[in-house]
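For reference, the chains in residue letters:
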Amino acid sequence: MTALASSASAASASSPDLRTMANAIRFLAADAVDKANSGHPGMPMGMADVATVLYSKFLKFDPKAPTWADRDRFILSGGHGSMLLYAVNYLTGYEKMTIEEIKNFRQLHSLTAGHPEINHDAGIEMTTGPLGQGIATAVGFALAERMLNARFGNDLVNHKTYVMCGDGDMMEGISHEACSLAGHLKLGNLIVMYDDNDISIDGPTSLSFTEDVLKRFDSYGWATSRVDGHDFAAIESALAAAQNSDKPVLIACKTKIGFGSPNKQGTSGVHGSPLGSEETTAARNHLGWTAAPFEIPADILHAWRAVGTRGQTESYAWQKRLEASAQKAEFEKALDPNVSDIVTAALADTKAVIAADKPKLATRASSGKVLESLVPKLAQLVGGSADLTPSNNTKTKGPDVISAANGYKGQYIHYGVREFAMCTLMNGLAIHGGVIPYGGTFLSFADYCRPAIRLAALMKQRVIYVMTHDSIGLGEDGPTHQPVEHVASLRAIPNLTVFRPCDTVETAESWELALANTTGPSMLVLTRQNLPAQRSDVTDNKTARGAYVLSPASAAPKAVIVATGSEVYLAMEAQKTLEAKGIPTQVVSAPSFELFAKQDATYKASVIPSGTITVGIEAGIRQGWDALIGSDATFIGMTGFGESAPAEVLFLHFGITADAIVEAVTKRA
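Rules used throughout
- Residues numbered from 1 in each chain as written.
- Predicted model: local features only at pLDDT ≥ 70, side-chain atom pairs only at ≥ 80, totals over all residues.
- Heavy atoms only, no water.
- 1 Å grid on protein atoms, 1.4 Å probe; cavity = no way out; pocket = protein on both sides within 12 Å on 5 of 7 lines; lining within 4 Å.
- Points joined across faces, edges and corners; volume = space filled by probe spheres on them.
- Nonpolar A, V, L, I, M, F, W, Y, C, P; charged D, E, K, R; others polar.
- Helix = DSSP H or I, 4+ residues; strand = E, 2+ residues; numbered from the N terminus.
- Polar contact = N/O pair within 3.5 Å; in protein donor to acceptor, adjacent residues only side chain to side chain.
- Expected span 1.5 Å × (residues − 1).
- Bend = angle between axes of the 7 residues up to and from the residue.
- Buried < 20%, exposed > 50% of the residue type's maximum accessible area, 1.4 Å probe, protein only.
- Pairing = 2+ DSSP bridges.
- Axes fitted to C-alpha atoms, helices over the stretch in contact; angles between N-to-C directions.
- Contact = heavy atoms within 4.5 Å.
- Parallel < 35°, antiparallel > 145°, perpendicular 65-115°, else oblique.
- Phe/Tyr/Trp six-rings, centres within 6.5 Å; stacked < 30°, edge-to-face > 60°.
- Core = buried A, V, L, I, M, F, W, Y, C linked by side-chain atoms within 4.5 Å.
- Salt bridge = Lys/Arg side-chain N within 4 Å of Asp/Glu carboxyl O.
- Right-handed = clockwise from strand over helix to strand, strands pointing away.

A.B. asks: Account for empty space enclosed by the protein, naming residues and giving values.
C.D. replies: Counted under the stated rule, the structure contains four cavities of 30 Å³ or more. In this structure, the largest cavity occupies an estimated 100 Å³ of space. If you trace the largest cavity, you find it lined by Tyr55, Leu59, Phe61, Pro66, Arg71, Asp72, Arg73, Phe74, Asn89, Tyr94, Gly123 and Glu125. Counted by class, the lining of the largest cavity contains six nonpolar, two polar and four charged residues. Of the volumes computed, that of the second largest cavity is approximately 50 Å³. Classifying every residue of the lining of the second largest cavity by side-chain character gives six nonpolar, one polar and three charged.

This is how it looks when you write it as structure tokens:
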């Protein structure tokens, strides 16, 4: 048992009993759901006892210092049970989580959204709701802690990640991907409390879910146990045993969903619907809770507020250790999101060499060259790949591969063939702090990653995706691997910045911008095939504009060709032919639609003037392009799936050529 647990046990004799404290969670949840006439009371009522033991005896936290770097992290993976988290955070004294916020559950602009939305000041570590992603992201939190512990030692980094999840999380495939990896990495600082209540929305879980979850986790290399989730001593004993595990821990807590509701507990009826005033009154009578809605008796609130002060001594002691540490400056730099000074210095010489040499490279190889400059200078930059390292060019020379065997030292992670898990772990690494994650796979497999990418965008996290083999240009692997609709669908995700660079200079600029973007994820969409250099000027980061004039017309432009990535060189070839025909033609490279959309109207008009013959070209579908070129413009790209053949044959077969651009312009000239 930890020192925090020991002090809590000593104080418990004069405090309300744990069941009474747990009932405060139950009735705040039930009352809030009733008032909103919307929500999920069952899980908070069922897991209130487990939460009470965790917070009162084990969790290292300080509501007065909610962003304390060495606090334990608590992830409510079953985000539908959000009122459990809100109730505990109010009871323990997070200033932002007031009783008024509890009363405004699920209302516009409240902190108490239907599913938790990341807000560290309010005690909400991450956004959860899409089942499986909480427990999977927690693996990233736990791994980040081990990596930072390897750098800075126990004095500055020594905390755990606790997760509360349910049957739905366990059914989702992502829980397999991520928990398998957690077992492989031996993340003994990860403790999962599984709400094993045998109920889903449709009814009993036996309708569709009959596996032995503990045996499954045993096979992953986890330490597992099963307890009565309403037996406080058993819960405490299991959590105490978990404290010194050398494996991740799963505690299956057998609970009754909606515990205390005499007519609905243990049924699917309490999962996602309010109890209603009659049943809430019956539950009050059943559990002996006499307080009015949203009222917590003074002695019970005092007991919970005392729980909230348990961590203050340790928080203060940690701050003193940090102040006295020789590693203070390095530690604070690791947690500082602004790395622009390091990145600018690291890339200055690289960009100059690129501009001088004008290498003909696939942009995936260009990205690899950029990383060779960045990784040695930026210790918090941690890469990885979903078993495609040689193809993605994500591994640089030098840094170790992170593993349990080497004490979690290094800057590279082998995720295995687990694209979704890779992206959820990267979310956890990013949210935890001290790590800037990037990870690679083929662009066609972005579909496996999409839910985690969307969540990164929603949570405004700096996660960088290196997506290679970006079009029919990958060639013979055929239509299963050739992205067609992917870039358009990814551009549709709000707050995701997509870069499709045309050469090594634009690739370096894209990396620079991705690392500077601290409020959202970025994606580099990169080629398999070699591309000629287009840029030799590196004074300004032109990619920052989203789209820019790469090659101006010889006179006032009559035609404008807008291209991205591997099709920019086709636009440049077409320009030569059109200029020779007496048609002044401007070539625009548009590596990022999102950044171009943020430019002012004057700049946009200078890049793509109105009244010109406009042609867009990209080896993908048209969707999204009309915002740049207009619905009346010509688009040269894909309208269906690809084929299996060499890349040059495919571009000719699908009519994505310089000749096609020339023909499109001359028809309208």
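A.B. asks: Account for the side chain of Asn197, naming residues and giving values.
C.D. replies: Within the element layout of this structure, Asn197 appears in the loop between β3 (190–196) and β4 (199–200). At 2.9 Å, the side chain of Asn197 and the backbone nitrogen of Ile199 are in polar contact.

A.B. asks: Which residues make up helix α3 (residues 42–57), and what are the values?
C.D. replies: Compared with an ideal rise of 1.5 Å per residue, which puts 16 residues at 22 Å, α3 spans 24 Å between its outermost C-alpha atoms and is within 8% of the ideal. Along α3, the helix axis deviates most sharply at Ala48, where the bend reaches about 55 degrees. Of all the 16 residues making up α3, 16 are buried; the element is thus mostly covered by neighbouring parts of the structure.

A.B. asks: So, the sheet that holds strand β16 (residues 585–589): which residues are in play, and what are the values?
C.D. replies: The five strands are arranged β14-β16-β15-β17-β18 in an open sheet whose pairing can be described as mixed. Edge positions in the sheet fall to β14 (548–551) and β18 (634–636), since each has one partner strand and no second. Averaged over all adjacent pairs, the angle separating strand axes in this sheet is 30 degrees, with direction ignored. Pairing of strand β15 (residues 559–563) with strand β17 (residues 613–617) involves five bridges; the strand directions are parallel. Bridging across to β17, Val560 finds its partner in Thr614. Here helix α22 (residues 568–580) sits on the sheet and contacts β14, β15, β16 and β17; the angle it forms with β16, its principal contact strand, is near 175 degrees. Across the sheet, helix α27 (residues 658–668) is in contact with β15, β17 and β18; its angle to β17 comes to roughly 160 degrees.

A.B. asks: So, the packing of helix α15 (residues 340–357) against helix α21 (residues 504–516): which residues are in play, and what are the values?
C.D. replies: The geometry of a pair of packed helices is captured by two quantities: the angle between their axes and the separation between those axes. Following both chains from N to C, one finds α15 and α21 inclined at 180 degrees, their axes separated by 11 Å at the closest point. With respect to each other, α15 and α21 are oriented roughly antiparallel. Between α15 and α21, the contacting residues are Ser340, Val343, Thr344, Leu347, Lys351 and Ile354 on the first element and Thr504, Val505, Ala508, Glu509, Glu512, Leu515 and Ala516 on the second. Of the residues contributing to the contact of α15 with α21, the split by class is seven nonpolar, three polar and three charged.

A.B. asks: Could you give an account of the sheet that holds β3, naming the residues involved and the relevant values?
C.D. replies: Spatial strand order, β1-β2-β3-β7-β6: five strands in an open sheet with parallel pairing. Looking at the sheet topology across the chains shown, the edges are occupied by β1 (73–76) and β6 (223–228). Adjacent strand axes in the sheet meet at a mean angle of 20 degrees when their direction is disregarded. Pairing analysis gives six bridges linking β3 to strand β7 (residues 249–254), with the strands arranged parallel.

A.B. asks: Help me get a handle on the packing of aromatic side chains, residues and values and all.
C.D. replies: A ring pair, where both rings are aromatic, is described by two values, the distance of the centres and the angle of the planes. A full pass over the atoms with the stated rule returns 15 aromatic pairs. Arranged with centres 5.1 Å apart and planes meeting at 65 degrees, the rings of Phe217 and Tyr220 form a pair that is edge-to-face. Residue Phe217 and its partner Tyr220 are both found in helix α9 (residues 213–220); the two are separated by three residues, about one turn of the helix. Judged by its relative accessible area of 0%, Phe217 is buried.

A.B. asks: Got a sec to walk through the nonpolar core? Specific residues and values, please.
C.D. replies: Counting residues in each nonpolar core, the largest one holds 67 residues, and the members touching the most others are Leu143, Leu190 and Tyr465. Ignoring any residue separated from it by four or fewer positions in sequence, one finds Leu190 in contact with Ala138, Val139, Ala142, Thr161, Val163, Ala182, Trp222, Pro248 and Val249. One finds Ala87, Ile99, Ala238 and Ala291 within the second-largest nonpolar core, a separate group that totals 64 residues.

A.B. asks: Can you break down the pattern of salt bridges residue by residue, with the values?
C.D. replies: Enumeration according to the criterion identifies 30 salt bridges in this entry. With a shortest N-O distance of 3.1 Å, Glu332 and Lys328 are connected by a salt bridge. Of this pair, Glu332 and Lys328 are both found in helix α14 (residues 328–335), four residues apart, which corresponds to roughly one turn of the helix. Under the relative-accessibility criterion, Glu332 is labelled partly exposed at 37%. By relative accessible area, which is 21% here, Lys328 ends up partly exposed. Of the charged contacts, one joins Arg500 and Glu567 as a salt bridge, the two residues approaching to 2.6 Å between their closest N and O atoms. Taken together, the residues span a long stretch of sequence, with Arg500 in the loop between β12 (497–499) and α21 and Glu567 in the loop between β15 and α22 at a distance of 67 residues. Across this residue pair, the class does not change: Arg500 and Glu567 are buried. One continuous salt-bridge network, built from bridges that share partners, spans Asp470, Arg491, Arg500, Glu567 and Glu618.

A.B. asks: Please give an account of the pairing of β6 that cites residues and values.
C.D. replies: With six bridges joining them, β6 and β7 adopt parallel strand pairing. Within β7, the residue paired with Asp228 across the bridge is Lys254. In this view, the connection linking β6 to its parallel neighbour β7 by way of helix α10 (residues 232–242) has right-handed handedness.

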